[in-house]
Amino acid sequence: MMGGAAFGVAMERWNQQRIAKQVVDLEHLVATGWQALVTEQALRVEQNRTVTGLKDQEFMTQLPGLVETAIRTIYANDPLANHEILSTEQTFPEWGNMRLDVLSRDPQGEVVVDDYKCKFGSFDTSWTDREFEKHFDGEQRLYYTQATGAMKFGIILVLIQPHTKYKPAKPHVIRRVSRVQAHEVKLWKNDLLLDCKQMEV
């Protein structure tokens, strides 16, 4: 979805500054997100991927404000505040150029991979558990942890327009972490091996 890439660029900049022990300027992060959004929109126009529906046009009008809200919300509720940031947007060529959002060391000394998920549209908070389960059940969790040697995979969920029983709630951030177990890694690797053998047949 549009806006996610702009938010991601701002998060990359924020984490780069934290790695470099630089002073983080919130307004600069917001401006970074806006500029990335302008670039993204210009690319869509260049590729003739214009928005035509009235609902989509309305969303596009709201998008700069939504991106700003997302950045300000996570900055004020930083789930990695007590973590040491190790890398951001790191690419792994040996894993098909897989690119992770952020790698950090938690207060317990364990390395953890986190992935940002930003919900710009209306989101029913009763679906929160299912949203996390969807990501934790996917292969991304296993790919990311195996590539980095981490045993923890986290999802940082940023909700911009949450509601509970149709009552609007404040934008907020939820982070949950799943530990990868040795037995599921073994099963996953066996499945990958079988897939490779089938492709060779």
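Since the model is a prediction, treat every value here as computed from it, not as a measurement.

Trainee: Got a minute to help me understand the overall build of the protein chain in this structure?
Mentor: A count of helical and extended segments in the protein chain gives six helices and eight strands. Among the 201 residues that make up the protein chain, the fraction classed as buried is 39%. Summed over its atoms, the accessible surface of the protein chain is roughly 11,600 Å², and 53% of this surface lies on carbon and sulfur atoms.

Trainee: What is the right way to look at the nonpolar core in this model?
Mentor: Generally speaking, soluble globular proteins have nonpolar side chains that are buried together. One finds F7, L63, I71, I74, Y116, F120 and V158 to be the most contacted residues of the largest nonpolar core, which totals 28 residues. For this core, the elements supplying multiple residues, two or more each, are α1 (4-19), α2 (26-46), α3 (54-76), β5 (111-124) and β6 (152-164). Take this core: its biggest share by element is seven residues, from α3. Those residues in contact with F7 that lie beyond four places of it in its chain are A70, I71, I74, Y116, C118, F120 and V158. Judged by nonpolar contacts, the second largest core, of 16 residues, contains V113, Y144, A147 and A150.

Trainee: What am I meant to see in helix α5 (residues 140-148) here?
Mentor: Owing to its 3.6 residues per turn, the α-helix brings residues three or four apart onto one side. Taken as a whole, α5 has its buried residues at R141, L142, Y144, T145, A147 and T148. Phi for G149, located one or two positions after α5, is positive at around 80°.

Trainee: Just to check I follow, could you spell out the pairing of β5 for this structure?
Mentor: Residues in a regular strand point their side chains to alternate faces of the sheet. Judged from the four bridges that link them, strand β4 (residues 102-105) and β5 form a sheet pairing that is antiparallel. From the neighbouring strand, S104 faces β5, where its bridge partner is V112. Counting the residues in the hairpin turn of β4 and β5 gives five residues, including G109, whose phi is positive at 85°. Where β5 lies against β6, eleven bridges are found, and the strand directions are parallel. Each bridged residue has a counterpart across the sheet, and for D114 the counterpart in β6 is G154.

Trainee: I'm lost on the environment of R105 in this one. Help?
Mentor: Its location among the elements puts R105 in strand β4. Assessed through its relative accessible area of 31%, R105 is described here as partly exposed. Each C-alpha atom, one on R105 and one on E84, is 5.1 Å from the other, the two residues being 21 residues apart in sequence. In this structure R105 touches H83, E84, L86, E110 and V111, once residues within four positions along its chain are discounted.

Trainee: Teacher, can you tell me more about the side chain of S87 here?
Mentor: For S87, the position within the fold is in strand β1 (residues 84-88). Given a relative accessible area of 12%, S87 falls into the buried group. Engagement of the side chain of S87 in a polar contact is seen with the side chain of Q90, the distance being 2.7 Å. Residues in contact with S87, not counting those within four places in the same chain, are I19, L100, D101, V102 and L103.

Trainee: Would you explain the pattern of salt bridges in this entry?
Mentor: Pairing of side chains with opposite charge becomes possible as their charged atoms draw close. Summed over all chains, the structure comprises 15 salt bridges. For E184, the salt bridge goes to R141, with nearest N and O atoms at 2.6 Å. With E184 in helix α6 (residues 182-200) and R141 in helix α5, the pair connects residues that are 43 residues apart, well separated along the chain. In this structure R141 comes out as buried when scored by relative accessible area, which is 6%. Through salt bridges with shared partners, one network takes in D106, E110, K152 and R179.

Trainee: Got a minute to help me understand the environment of H135 in this structure?
Mentor: By the secondary structure assignment, H135 is in helix α4 (residues 128-136). For H135, a relative accessible area of 14% gives the class buried. A C-alpha to C-alpha distance of 9.9 Å links H135 and F153, two positions 18 residues apart in sequence. Looking at H135, its side chain comes within polar contact range of the side chain of E131, at 3.0 Å.

Criteria and cut-off values
- Residues numbered from 1 in each chain as written.
- Predicted model: local features only at pLDDT ≥ 70, side-chain atom pairs only at ≥ 80, totals over all residues.
- Heavy atoms only, no water.
- Helix = DSSP H or I, 4+ residues; strand = E, 2+ residues; numbered from the N terminus.
- Buried < 20%, exposed > 50% of the residue type's maximum accessible area, 1.4 Å probe, protein only.
- Areas by Shrake-Rupley, 256 points an atom, 1.4 Å probe, with all protein chains shown as cover.
- Core = buried A, V, L, I, M, F, W, Y, C linked by side-chain atoms within 4.5 Å.
- Contact = heavy atoms within 4.5 Å.
- Pairing = 2+ DSSP bridges.
- Polar contact = N/O pair within 3.5 Å; in protein donor to acceptor, adjacent residues only side chain to side chain.
- Salt bridge = Lys/Arg side-chain N within 4 Å of Asp/Glu carboxyl O.

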